[in-house]
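Structural characterization, general
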Amino acid sequence: MGLGIELKSEDRSLRIIKAIPGGPAARAGIEAGDRIIEVDGQPIQDVSTDEAADMLKGEKGSRVTVTVIGTNDQLRRINIVRAEVEV
């Protein structure tokens, strides 16, 4: 299960390419252009894209906290409940 996002590694963070409409991330307010810098309090700057994606996945109904920097450079911590996402 996941968050419903497409990611790209960029500048020691993960850039959100797309938040799938209706998916957990989109419902939580994550948007294309946001950058994830932490997952559950762990910095991801030295983690591969695949490793970071694995950190974001989990059981349906479980929670993950992501720290993002928005396109306006605002830092936000967002709690997201993982769900099954249809692409």
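Every residue gets a number counted from 1 within its own chain, in the order that chain's sequence is written. In view of the model being predicted, local features appear only for residues whose pLDDT reaches at least 70, and side-chain atom pairs are presented and counted only at 80 or more, with totals across whole chains, interfaces and linings using the full set of residues. Just so you know, side-chain values use all the structure's heavy atoms and leave hydrogens and water out.

**Regarding the pairing of strand 1 (residues 5–10)**
The condition that has to hold: Two strands qualify as a pair provided DSSP detects at least 2 bridges between them. Helix and strand assignments come from DSSP, with helices taken as H or I runs of at least 4 residues and strands as E runs of at least 2, each series counted from the N terminus.
Relative to strand 2 (residues 13–19), strand 1 is paired through six bridges, and the arrangement is antiparallel. Within the sheet, the bridge partner assigned to Ser9 lies in strand 2 and is Leu14. Linking two consecutive strands that pair antiparallel, namely strand 1 and strand 2, is a turn of two residues; a positive phi of about 50° is found at Asp11 within it.

**Digging into the environment of Ile30**
Rules: Partly exposed residues are those whose accessible area sits between 20% and 50% of the maximum for their type, while under 20% is buried and over 50% is exposed, using a 1.4 Å probe and protein chains only. Contacts are assigned to residue pairs that have any heavy atoms within 4.5 Å of one another.
Along the chain, Ile30 falls in the loop between helix 1 (24–27) and strand 3 (35–39). Assessed through its relative accessible area of 3%, Ile30 is described here as buried. Along the chain, Ile30 and Gln42 lie 12 residues apart, while their C-alpha atoms are 19 Å from each other. Setting aside its immediate chain neighbours within four residues, Ile30 contacts Ile16, Ala19, Ala25, Val66, Val68, Ile78 and Ile80.

**Digging into the pattern of salt bridges**
Let me state the cut-off plainly: The rule for a salt bridge is simple: a side-chain nitrogen of Lys or Arg has to be within 4 Å of a carboxyl oxygen of Asp or Glu.
Using the criterion set out here, one finds three salt bridges in the structure. With its nearest N and O atoms 2.7 Å apart, the salt bridge here joins Arg76 to Asp34. Here Asp34 lies in the loop between helix 1 and strand 3 and Arg76 lies in strand 6 (residues 75–81), a separation of 42 residues in the sequence. Taken together, the shared-partner salt bridges in this structure form one network comprising Lys8, Glu10 and Arg15.

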